[in-house]
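What follows is the residue order along each chain.
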Protein chains: 4
Amino acid sequence: MEPDLPSAQRVLAEQPYSVLLGTRLVAFEETSTILEIDLRERHRQQHGFAHGGVISYLVDNAITFAAGTVLGPDLVTAGISVEYVRPGVGALLRAEARVVSHSSHSAVMRCDVTAHDNHEDHDGAGRLCAVGHGRALTRPSQQPLGSVR
Amino acid sequence: MEPDLPSAQRVLAEQPYSVLLGTRLVAFEETSTILEIDLRERHRQQHGFAHGGVISYLVDNAITFAAGTVLGPDLVTAGISVEYVRPGVGALLRAEARVVSHSSHSAVMRCDVTAHDNHEDHDGAGRLCAVGHGRALTRPSQQPLGSVR
Amino acid sequence: MEPDLPSAQRVLAEQPYSVLLGTRLVAFEETSTILEIDLRERHRQQHGFAHGGVISYLVDNAITFAAGTVLGPDLVTAGISVEYVRPGVGALLRAEARVVSHSSHSAVMRCDVTAHDNHEDHDGAGRLCAVGHGRALTRPSQQPLGSVR
Amino acid sequence: MEPDLPSAQRVLAEQPYSVLLGTRLVAFEETSTILEIDLRERHRQQHGFAHGGVISYLVDNAITFAAGTVLGPDLVTAGISVEYVRPGVGALLRAEARVVSHSSHSAVMRCDVTAHDNHEDHDGAGRLCAVGHGRALTRPSQQPLGSVR
């Protein structure tokens, strides 16, 4: 299956929550995706940093899109785990997720969330805000969406 | 330290991200907090469910507010871990977090996120959407906000 | 499927690692299992406490046995997450795991690890050492054991 | 603080649990450590693979030793999160942990656990068995060991 960035960007655009946050899908390759959000007032918590919920959303969505590059689009996120290491401060947050292992029905991803001061900052100069990992599973065909007990 | 619901609701109102999501703080007692969000179109992903990022935001914010009832307001969220078990579908999502253990500088919380069909649904009849846990730490006084390397 | 304690105890006895640690399966009911280890010198780290690896082993094994009560014996542990809250000191450690949600192919469990000073200590008087959760999956029949890439 | 491999190996040797498992500390450098275990019958579960508890022990101990290279020896492991991706089969398991971020009182590490068929296998040819991360904290001086409530 050939990952297709424009198709994946259309899927992102069909997520009202991602549109609300202003998320961009900037890369979508086999085993690897990158999401970005330009930080605005609406993303913040009371100290002026990006809310931890924005960071955890980025981990959740980046690992799920990355899983989609190897499992296809019909999947569910099983879970995520995130360690926050630095406040999210800067012009934008970037979430880079990569598949570390997968089978036909399950994929495990790692994700780094970094803060950057400008958009040309592509070469690892960003500040690490959080590390995460997670798992996604294909939806079992015998079970309609939402049927887990 | 006496947890004060109106004060904590003011803190929530100072979080632009929480205002964006329409989050309500409905309980704030020693070791225990409850947040709610009325699910709207803007909270959804492409299948019509609440986005996983809304659920992880609820875990992050609920455990942090719960930590605040025992550690005070000057704290940082260290990390969270979430397992999604059921799609977030219904009129509202509720996140109930409780402190399971704490010292003067660290607290560990568990959190359940449930979906409900109406606001009177307080007696555990909701559908479990996710389980999570996490840790919060007091900010070390010798380190200004944001100084972790 | 009717959970059978003696059969599950035989499975535990077929795990050389569990025999090495001296683990006992003391309860095995639908959605719920309890493992115990009498703490000895061999379980310790350099400060005299149970090694964190004993606690994480208990979370891993307890959640997996609990998953077995609803998924059957042919399963794999997908992952675990553990927060340590108190040193493991006492006569024994007890790990109680319960299934919080499951489908036909996936189960999510929570687990508490507590320390106790004696074996009659069954009514929650133990000291909480760690909280955890995890997920187990049935092994897909089309994939032989060990075939994940 | 200059990490000292022989001193760290002495600490490992003072952990009865690590001696029981036959763990070796093969590298101990600033931000980075490597532990190894030669797989024997006693490490196995009922299918002949390394028990998940051996893998979680390796994540726990590797991340803690890695934290020690930047925080010093007086620390506690706060928590770990592990995703298992492949059964632990082979001559040995290797756990490589690296500090991804730290302050004076807290460190966050990632850890890869790989299986290898021989000891000369140092150049990444091993099979990835699990990915993990975790956090360690310095023990607060005002609190005696074991005083967390």
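This text gives an overview of the structure that appears in the document. (Residues numbered from 1 in each chain as written. Chains lettered and ligands numbered in written order. Predicted model: local features only at pLDDT ≥ 70, side-chain atom pairs only at ≥ 80, totals over all residues. Heavy atoms only, no water.)

A short note on the interface of chain B and chain C
And step 1. In this assembly, 18 residues from chain B lie in contact with 18 residues from chain C.
And step 2. Counting each side, the surface lost to burial between chain B and chain C is near 1400 Å², with a carbon and sulfur contribution of 49%.
And step 3. Contact with chain C buries surface across chain B, with E83, R110 and H133 of chain B losing the most and accounting together for 42% of the total.
And step 4. Where chain B meets chain C, there are four salt bridges.
And step 5. Residue D112 of chain C pairs with R110 of chain B through a salt bridge whose shortest N-O separation is 2.6 Å.
And step 6. The interface formed by chain B and chain C contains 13 residue pairs in polar contact (both at pLDDT 80 or more).
And step 7. For the side of chain B that touches chain C, the elements supplying multiple residues, two or more each, are β3 (75-84), β4 (92-102), β5 (106-116) and β6 (127-138) of chain B.
And step 8. Among the elements that line the side of chain B that touches chain C, the one with the most residues is β6 of chain B, at five residues. (Contact = heavy atoms within 4.5 Å. Buried area = accessible area lost by both parts, 1.4 Å probe. Salt bridge = Lys/Arg side-chain N within 4 Å of Asp/Glu carboxyl O. Polar contact = N/O pair within 3.5 Å; in protein donor to acceptor, adjacent residues only side chain to side chain. Helix = DSSP H or I, 4+ residues; strand = E, 2+ residues; numbered from the N terminus.)

A word on the interface of chain A and chain B
And step 1. Across the boundary between the two partners, chain A contributes 39 residues, which contact 39 residues of chain B.
And step 2. For the chain A and chain B pair, buried surface summed over both sides reaches about 3200 Å², with 58% attributable to carbon and sulfur atoms.
And step 3. Per-residue buried area on chain A facing chain B is highest for Y17, Q46 and H51 of chain A; these three make up 19% of the total on that side.
And step 4. Seen at the junction of chain A and chain B, the total is zero salt bridges.
And step 5. Linking chain A with chain B are 18 residue pairs in polar contact (both at pLDDT 80 or more), by the criterion used here.

Thoughts on the nonpolar core
And step 1. In this structure, L58, L93 and V113 of chain C together with L58, L93 and V113 of chain D are the most contacted members of the largest nonpolar core, which totals 78 residues.
And step 2. Beyond its immediate chain neighbours, meaning those up to four positions away, L58 of chain D contacts L35, I37, L93, A95 and V113 of chain D.
And step 3. Core analysis: the second largest hydrophobic core is formed by 77 residues, A8 and Y17 of chain A together with I37 and C129 of chain B among them. (Core = buried A, V, L, I, M, F, W, Y, C linked by side-chain atoms within 4.5 Å. Buried < 20%, exposed > 50% of the residue type's maximum accessible area, 1.4 Å probe, protein only.)

Some thoughts on the pattern of salt bridges
Pairs can form between side chains of opposite charge once their charged atoms are near each other.
And step 1. According to the stated counting rule, one finds 37 salt bridges over all chains in the structure shown.
And step 2. Of the charged contacts, one joins E83 of chain B and R135 of chain C as a salt bridge, the two residues approaching to 2.7 Å between their closest N and O atoms. Residue E83 of chain B is found in strand β3, and its partner R135 of chain C is found in strand β6 (residues 127-138); the two belong to separate chains.
And step 3. The buried category is assigned to E83 of chain B, whose relative accessible area is 7%.

Here's the deal with the side chain of T23 of chain D
And step 1. With respect to the helices and strands, the residue T23 of chain D is situated in strand β1 (residues 23-29).
And step 2. For T23 of chain D, the contacting residues outside a window of four places in its chain are L12, S18, L35, E36, I37 and Y57 of chain D.

Details of unusual backbone geometry
And step 1. Backbone geometry places T31 of chain B, a non-glycine residue, at a positive phi of 75 degrees.
And step 2. Mapped onto the secondary structure, T31 of chain B falls in the loop between β1 (23-29) and β2 (32-38).

Structural notes on the relation of the copies chain B and chain C
And step 1. After a rotation of 180 degrees and a shift along the axis of 0.0 Å, chain B superposes on chain C with an RMSD of 0.0 Å. On this basis, the relationship between the two copies can be described by a two-fold rotation axis. Among all residues of chain B, the minimum C-alpha distance to the rotation axis is found for S81 of chain B, at 3.5 Å.
And step 2. Interface overlap between copies: 100% of the residues of chain B at the interface are likewise at the interface in chain C, consistent with a symmetric, same-surface contact. (Least-squares fit on C-alpha atoms with pLDDT ≥ 70 in both.)

What about the sheet that holds strand β3 (residues 75-84) of chain C?
And step 1. Taking strand neighbours across the sheet as the criterion, the twelve strands line up as β1(C)-β2(C)-β4(C)-β5(C)-β6(C)-β3(C)-β3(D)-β6(D)-β5(D)-β4(D)-β2(D)-β1(D) in an open arrangement whose pairing is antiparallel. Looking along the sheet, the strands with just one partner apiece sit at the ends: β1 (23-29) of chain C together with β1 of chain D. Taking the axes of each pair of neighbouring strands and ignoring which way they run, one obtains an average angle of 20 degrees across the sheet.
And step 2. Strand contacts of helix α3 (residues 52-71) of chain C: β1, β2 (32-38), β3, β4 (92-102), β5 (106-116) and β6 of chain C together with β3 (75-84) of chain D, with the helix running at about 135 degrees to β3 of chain C, the strand carrying the most contacts. (Pairing = 2+ DSSP bridges. Axes fitted to C-alpha atoms, helices over the stretch in contact; angles between N-to-C directions.)

Concerning the packing of helix α1 (residues 5-13) of chain D against helix α3 (residues 52-71) of chain D
Residues and elements named next belong to chain D.
And step 1. Between α1 and α3, whose axes approach to 12 Å, the crossing angle comes to 140 degrees. With respect to their mutual orientation, α1 and α3 come out oblique. As α1 runs across α3, the sense of the crossing is right-handed. Here A8, V11 and L12 of α1 lie close against α3, whose contacting residues are Y57, N61 and F65.
And step 2. A per-class count over the contact of α1 with α3 returns five nonpolar, one polar and no charged. (Parallel < 35°, antiparallel > 145°, perpendicular 65-115°, else oblique. Left-handed = near helix turned anticlockwise from the far one by under 90°. Nonpolar A, V, L, I, M, F, W, Y, C, P; charged D, E, K, R; others polar.)

Some remarks on the relation of the copies chain A and chain B
And step 1. Of the two same-sequence chains, chain A is brought onto chain B (RMSD 0.0 Å, axial shift 0.0 Å) by a rotation of 180 degrees.
And step 2. Comparing contact sets, 100% of the residues at the interface of chain A also lie at the interface in chain B, consistent with an isologous, same-surface contact.

Re the pairing of strand β5 (residues 106-116) of chain D
Residues and elements named next belong to chain D.
And step 1. Buried residues dominate β5, accounting for ten of its eleven residues.
And step 2. The pairing of strand β4 (residues 92-102) with β5 spans ten bridges and is antiparallel. Bridge pairing in β5 links E96 to D112.
And step 3. Strand direction decides the pairing type here: β5 and strand β6 (residues 127-138), joined by ten bridges, are antiparallel. Bridge pairing in β6 links M109 to G134.

Functional significance is not addressed by these values, which are geometric in nature.
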